Amino acid sequence: MVAQTELSETEIDRVFHALATSTRRDILRRTIDREQSVSELARDYDMSFAAVQKHVAVLEEARLIIKRAEGRERLVRANPDMIARAKALLARYEELWRARIARLDDLLAEPDPRNDPARPDQGD
């Protein structure tokens, strides 16, 4: 099976939306280390259980986490495949901007032809 690397525009929007708040980034970070129940996650935030559930739902919709039922508990773990795909997207953005900055550096390093002493005067 070949893993899909390209993200659709909708997936990109969902990933960036999901990572737009510190609480969701923290939930993602905590679930990378180990699978945790939503109840366990909720204990560490100064918000209602329902609010934490909503944050988890946003991360799940972006497919950054996977939620499963075990009895009455809902267990959450990070989805390494989607994290890798998002990382690849950001790497492409980084390459794009590094290339643009390199081109700008090259342009700025070129001598200014107006200051070339070998150039004949033009209308002075």
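Residues numbered from 1 in each chain as written. Predicted model: local features only at pLDDT ≥ 70, side-chain atom pairs only at ≥ 80, totals over all residues. Heavy atoms only, no water.

**Student:** Explanation requested: a nonpolar patch on the surface in the structure shown.
**Tutor:** Among the surface-exposed residues, Phe-16, Leu-90, Tyr-93, Leu-96, Trp-97 and Ile-101 lie close enough to one another that they form a single nonpolar patch of about 590 Å² accessible area. In terms of residues, the nonpolar patch owes the most to one element, helix 5 (residues 80-109), which gives five residues. Position of Leu-96 relative to the elements: it lies in helix 5. (Patch = residues over 30% accessible without salt bridge, like charges linked within 9 Å, V, L, I, M, F, W, Y side chains within 5 Å. Areas by Shrake-Rupley, 256 points an atom, 1.4 Å probe, with all protein chains shown as cover. Salt bridge = Lys/Arg side-chain N within 4 Å of Asp/Glu carboxyl O. Helix = DSSP H or I, 4+ residues; strand = E, 2+ residues; numbered from the N terminus.)

**Student:** Looking at this model, I keep getting lost on the nonpolar core. Mind explaining?
**Tutor:** For soluble globular proteins, the rule of thumb is that nonpolar side chains tend to be buried together. One finds Ile-27, Val-52, Val-56 and Leu-64 to be the most contacted residues of the largest nonpolar core, which totals 22 residues. When residues of this core are traced back to their parent elements, those giving at least two are helix 1 (9-18), helix 2 (22-33), helix 3 (38-42), helix 4 (49-61), strand 3 (73-78) and helix 5. Once you skip the residues sitting within four places of it in the chain, Val-56 turns out to touch Ile-27, Val-38, Leu-41, Ile-65, Lys-67 and Val-76. (Core = buried A, V, L, I, M, F, W, Y, C linked by side-chain atoms within 4.5 Å. Buried < 20%, exposed > 50% of the residue type's maximum accessible area, 1.4 Å probe, protein only. Contact = heavy atoms within 4.5 Å.)

**Student:** Before we go on, may I ask you to explain helix 5 in this structure?
**Tutor:** Each α-helix turn comprises 3.6 residues. Residues three or four places apart therefore point the same way. Counted at 1.5 Å a residue, the expected span for helix 5 with its 30 residues is 44 Å, and the 42 Å between its end C-alpha atoms agrees. Taken together, the buried positions of helix 5 are Met-82, Arg-85, Ala-86 and Leu-89. Looking at the packing, one finds that the buried side of helix 5 touches helix 1. (Expected span 1.5 Å × (residues − 1).)

**Student:** What am I meant to see in the packing of aromatic side chains here?
**Tutor:** Pairs of aromatic rings are described using the distance from one ring centre to the other and the angle between the two planes. For the structure shown, the criterion picks out zero aromatic pairs. Sitting above the plane of the Trp-97 ring, Arg-100 keeps its charged end 4.8 Å from the centroid. (Phe/Tyr/Trp six-rings, centres within 6.5 Å; stacked < 30°, edge-to-face > 60°. Lys NZ or Arg CZ within 6 Å of the ring centre and 35° of its normal.)

**Student:** Got a minute to help me understand the pattern of salt bridges in this structure?
**Tutor:** Should their charged atoms come close, side chains of opposite charge can pair. Scanning all chains against the criterion turns up eleven salt bridges. In this structure, the salt-bridge partner of Glu-60 is Lys-67, at a minimum N-O distance of 3.6 Å. Take Glu-60: its relative accessible area is 30%, and that puts it in the partly exposed class. With a shortest N-O distance of 2.8 Å, Arg-98 and Glu-94 are connected by a salt bridge.

**Student:** Explain unusual backbone geometry to me, please; I cannot follow it from the model alone.
**Tutor:** Across the chain, the bulk of peptide bonds are trans and the bulk of non-glycine residues have phi less than zero. We note that Arg-63 has phi near 65 degrees; this positive angle belongs to a residue other than glycine. Tracing the chain through its elements places Arg-63 in the loop between helix 4 and strand 2 (65-70).

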